[in-house]
Each structure stands twice: as structure tokens, then as C-alpha cells.
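Letter by letter, the chains look like this.
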Amino acid sequence: MMDAQSIAPSKPPAERSQRSSARPYVLALALVTAAVWLPSVGNGFVWDDQYDIVRSDRLHHARALADVFLHHAMWSADQPETAISTYRPLALATLALDWQLWQLHPAGYHATNVLLHVLATLAVFLALAAIVGDPRPAAVLALLCALHPANAEAVAWINGRSEMLALGSGALAIWAARRDRLLLLAAALLAAMLSKETGAVFVIVAVALAAKKPRALAAALAAVAVYAALRAHALGH
């Protein structure tokens, strides 16, 4: 009599081999990226961090994890909406979660930024490996992305994490599109847009690089529809 393990569908040998060969690169990328950006943990609260975390108490309550999805981005700082409305609830939700863990200890928030940058780098690596089919050039390009000085503000400034959240989610969406993982594709695209408005560019990129474009387009449009509805409700237009 056949047991459950023998009849369960197994992953193709090529996919298992690819995953196994990518593991050393994943570990190396994570360690190098974390080591390079670890000194930023010693930074304090600057610029908008003062308004969002120190001077305003709107992110100091557990309910803020949900409240941020109902308001424009300036709400957390107790500031009026700007002329060009911004809506970045996922980034603000991570600040609210950090407050529950670290309160007025900036090192914890900066450690979260480093972790998010490591995760974004790994997502970029997976996306590139899925596109080129070889983990070696993908690892080199991902490392260049991780260590580029242009990332200094995004990593070293607490409020800059919206960039890393959008990039990491967008890169994950590209990987999901290449693998025809529709639910993950839709969720990742939604997360990219909820992190920062520029995350919308990944809708086009992910669909263009998708293995099955009609299915990917349907998933992408669903994500855009949910984002548009949340944004319209929060901003009132």
C-alpha cells in the first residue's frame, strides 16, 4: 500500500537543484549586507522620525497597526495632509510595530531597517536568479544593489524604510510572476504599493516578465484594484 509521502507531488529535480545551489549565495548576501550596514544601528531619531515616533503618540498604540491604513501618511505625525497626498500605510505599520518593541530606543528601529534591507536584497537576488537562470550573476548584481551608496538614506534613516519595503515586495512579485504564483504575486504587488507610491512600477515589470502574462495581468489588476480602493477610502478621493 502506498503511503502519503510516496504519492505526494514532488518538485521537479531542476527546481530542487536550483534551490540548493542558491543557498550559499543567500547566506553570503545576508551576512555581507548586514555587516556593511550594521553601524547604522548606532544612529538616532532624525527628521521625520521625530514627528512620527517621538513627538506624536499616534503610532504608540496597538490599534495604530490598523489605523494607518485609514489615513494619509502625514496623519502619524499629527500633521495636515500635503498638497500631493501620500499613502504609505505598510511602512507606518512597521513603525507602529517597532514602537511596541522598542519605544524610544532608536537602535531597535535601525536594526529593523537593516533586517528589511537584507530581506530586500535577498528578494532582488531571487528575482534576478529567476530571470537569468543562474545564481552567480544574480548574486553579484544583488550585492551591488545592496551595497550601493544610494541606499544610505533608505537604510540609515528610519523613515527611509518605505524604499526597502517597496523594493523587497516588488522583487518578490517579479519572482512570483516568473514562477506563476498568482496569490503571492498579487499580495507582493499590493505590499509594494502600500509601502510607497513608486511600488506601482513593479506592476508593469512583473507582468512584462511573467511566465504566463494573462494570468499575471489578472493578479496584478486585482492588486491595483484593492490598493486603489484603500487609498481612495483613506484620502477621501
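Sequence order as written defines residue numbering, which begins from 1 separately in each chain. Thresholds applied to this predicted model are a pLDDT of at least 70 for local features of residues and 80 or more for the giving and counting of side-chain atom pairs; totals over whole chains, interfaces and linings are not thresholded and use all residues. To get the side-chain values, take all heavy atoms of the structure and skip hydrogens and water.

## Observations regarding the nonpolar core
The following threshold applies: Side-chain atoms within 4.5 Å are what join buried Ala, Val, Leu, Ile, Met, Phe, Trp, Tyr and Cys residues into a set we call a nonpolar core. To sort residues, take the accessible area from a 1.4 Å probe on protein chains only and compare it with the maximum for the residue type: under 20% means buried, over 50% means exposed, and anything in between is partly exposed. For helices the rule is a DSSP run of H or I covering at least 4 residues; for strands it is a run of E covering at least 2, with both sets numbered from the N terminus onward.
Membership of the largest hydrophobic core comes to 40 residues, with the highest contact counts inside it found for Phe125, Leu185 and Leu189. Mapped onto this core, the elements with two or more residues apiece are helix 2 (13-37), helix 6 (106-132), helix 7 (135-147), helix 9 (161-179), helix 10 (182-195), helix 11 (201-208) and helix 12 (213-235). Among the nonpolar cores identified, the runner-up in size contains 13 residues, and Phe45, Ala64, Leu92 and Ile158 belong to it.

## Comments concerning helix 3 (residues 48-55)
Heads up, the condition is: Working definition: the arc comes from the directions between the helix axis and the C-beta atoms, pointing outward to the latter. The contact definition used throughout considers only heavy atoms, calling two residues in contact when any of these lie within 4.5 Å.
Within helix 3, burial applies to Asp49, Asp52 and Ile53. One face of helix 3 carries all of its buried residues, which in axial projection span an arc of 85 degrees. Along its buried surface, helix 3 packs onto helix 5 (89-102) and helix 6.

## Looking at the environment of alanine 64
For alanine 64, the location among the structural elements is in helix 4 (residues 64-67). Judged by relative accessible area, alanine 64 falls into the buried class, the value being 1%. Taking the C-alpha atoms as reference points, alanine 64 and leucine 97, separated by 33 residues in sequence, lie 8.6 Å from one another. The residues contacting alanine 64, other than those within four sequence positions of it, are Arg58, Leu59 and Ala96.

## So, the packing of aromatic side chains
We count it as follows: Aromatic pairs are defined between Phe, Tyr and Trp rings, using the six-membered ring for Trp, whenever the two ring centres lie within 6.5 Å; interplanar angles under 30 degrees are classed as stacked, those over 60 as edge-to-face, and all others as tilted.
Scanning the entire structure with this criterion turns up 4 aromatic pairs. Here phenylalanine 45 and tyrosine 109 contribute two aromatic rings whose centre-to-centre distance is 5.4 Å and whose plane-to-plane angle is 75 degrees, an arrangement assigned as edge-to-face. In this pair, phenylalanine 45 sits in the loop between helix 2 and helix 3 while tyrosine 109 sits in helix 6, placing the two residues 64 residues apart along the sequence. Neither residue differs from the other here; phenylalanine 45 and tyrosine 109 are each classed as buried.

## Section: the side chain of serine 169
Heads up, the condition is: For the purposes of these results, a polar contact is taken to be a pair of N or O atoms within 3.5 Å, where, inside protein, one atom must be able to donate a hydrogen and its partner to accept one; residues adjacent in sequence count only when each atom of the pair is a side-chain atom.
Take serine 169: it is sitting in helix 9. A distance of 2.8 Å separates a polar atom in the side chain of serine 169 from the backbone oxygen of leucine 165. Among residues more than four places away in sequence, those in contact with serine 169 are Ala188, Ala191 and Ala192.

## Some remarks on the environment of leucine 147
Its place among the elements puts leucine 147 in helix 7. The partly exposed category is assigned to leucine 147, whose relative accessible area is 32%. With 114 residues separating them along the chain, leucine 147 and threonine 33 place their C-alpha atoms 6.9 Å apart. When neighbours within four sequence positions are excluded, leucine 147 is seen to be in contact with Val32, Thr33, Val36 and Trp37.

## Details of the confidence of the model for the chain
The condition that has to hold: Every residue gets a pLDDT, meaning the predictor's confidence in that residue, from 0 to 100.
On average, residues of the chain score 92 in pLDDT, and 90% of them reach the 70 mark or higher. Ignoring residues within four places in sequence, the model shows residues 4-9, a span with pLDDT below 50, making 1 contact including any to other chains.

## Regarding the packing of helix 11 against helix 12
Think of two packed helices as two axes; the pair is described by the angle between the axes and how far apart they sit. Put simply, the rule reads: Under this scheme, a helix contributes an axis fitted over its contacting stretch, all axes are lines through C-alpha atoms, and angles between N-to-C directions fall in the 0 to 180 degree range. Orientation categories follow fixed angle ranges, with anything under 35 degrees roughly parallel, anything over 145 roughly antiparallel, 65 to 115 roughly perpendicular, and all other angles oblique. Handedness of a crossing is defined here by the sense of rotation of the near helix relative to the far one, left-handed for an anticlockwise turn of less than a right angle and right-handed for a clockwise turn. Think of it as three bins: nonpolar holds Ala, Val, Leu, Ile, Met, Phe, Trp, Tyr, Cys and Pro, charged holds Asp, Glu, Lys and Arg, and polar takes everything else, Gly as well.
Direction vectors running N to C along helix 11 and helix 12 enclose 165 degrees, while the axes themselves pass 9 Å from each other. In this view, helix 11 runs roughly antiparallel relative to helix 12, as classed from their interaxial angle. The hand of the helix 11/helix 12 crossing is right-handed. Side by side, helix 11 and helix 12 meet where Val203, Val207 and Ala208 of the first sit next to Lys213, Ala216, Leu217, Ala220 and Val224 of the second. Partitioned by chemical class, the residues of the contact of helix 11 with helix 12 number 7 nonpolar, no polar and 1 charged.

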